[in-house]
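If you want the building blocks of each chain, they are given just below.
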Amino acid sequence: ATTLNPAGLYPEPLRLEGGTADFHMELNPFRLTLGQLHVTDRGSALDLSGTLTAEAEGWRLALDGTMDQLPPARLLELWPATVAEKPRKWVEENILAGTMRDVDLALRLDEGQKPDIYADLEFDGASVRYNRYLPLMTGASGALTLERGRLAVTADRGIVTAEEGGALDISGSS
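Because the structure is predicted, anything quoted here is derived from the model rather than measured.

1. Some thoughts on the pattern of salt bridges
Logical step 1: A full pass over the atoms with the stated rule returns 12 salt bridges.
Logical step 2: With a shortest N-O distance of 3.1 Å, Arg42 and Glu77 are connected by a salt bridge. Of this pair, Arg42 sits in the loop between strand S4 (30-41) and strand S5 (44-55) while Glu77 is found in helix H1 (residues 72-78), placing the two residues 35 residues apart along the sequence.
Logical step 3: Measuring nitrogen to oxygen at the nearest pair gives 3.6 Å for the salt bridge that ties Arg148 to Asp116. Here the residue Arg148 occupies a position in the loop between strand S9 (137-147) and strand S10 (150-161), and Asp116 occupies one in strand S8 (residues 116-128), the gap between them amounting to 32 residues.
Logical step 4: Take Asp116: its relative accessible area is 30%, and that puts it in the partly exposed class.
Logical step 5: Through salt bridges with shared partners, a single ionic network connects Asp41, Arg42, Arg74 and Glu77.

Written as structure tokens, this is what we have:
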């Protein structure tokens, strides 16, 4: 097992089953190129690549990643609480079960600037709370996109069962 806690993002270091990395480091000027970081964890595979450079203005980070699948609870363990806090809270409170798959993410960070974060994923077999006053959507499949702090969720498939009975197909909703 490997532990990881970049820049102290997590209250306690993440424990990951294992991984491998290929990278190249240049010192003058400083540039670290991550060709591939492959991490295996709880039946999931995460691949990251990117660069970290020292520019006249400060550090510049460009990081891209993909993950095959994971449950919502593990997504929240990997998603630092201080990164995109409102979208993270929405996911924590409203995607209650299912599988997240085909996760794509990109992070661009220039020192002194707000991070530019992009992520998208598909979900399947999920229970989703789309409105706190209405019944849960069950058997939901769809997509979630986070771009520049805006979270968009679309349901390709899902059922809402009213208290009075009867199922309502709400496929194609967002």
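2. Focus on the nonpolar core
One recurring pattern in soluble globular proteins is that nonpolar side chains are buried together.
Logical step 1: Ranked by size, the top nonpolar core spans 29 residues in total, and within it Leu70, Leu75, Val91, Met100, Leu121, Phe123 and Met137 carry the most contacts.
Logical step 2: The dominant element in this core, judged by the number of residues it contributes, is S8, at 5 residues.
Logical step 3: When neighbours within four sequence positions are excluded, Leu75 is seen to be in contact with Leu70, Val91, Met100 and Leu121.

Quick notes on the rules
- Residues numbered from 1 in each chain as written.
- Predicted model: local features only at pLDDT ≥ 70, side-chain atom pairs only at ≥ 80, totals over all residues.
- Heavy atoms only, no water.
- Salt bridge = Lys/Arg side-chain N within 4 Å of Asp/Glu carboxyl O.
- Helix = DSSP H or I, 4+ residues; strand = E, 2+ residues; numbered from the N terminus.
- Buried < 20%, exposed > 50% of the residue type's maximum accessible area, 1.4 Å probe, protein only.
- Core = buried A, V, L, I, M, F, W, Y, C linked by side-chain atoms within 4.5 Å.
- Contact = heavy atoms within 4.5 Å.

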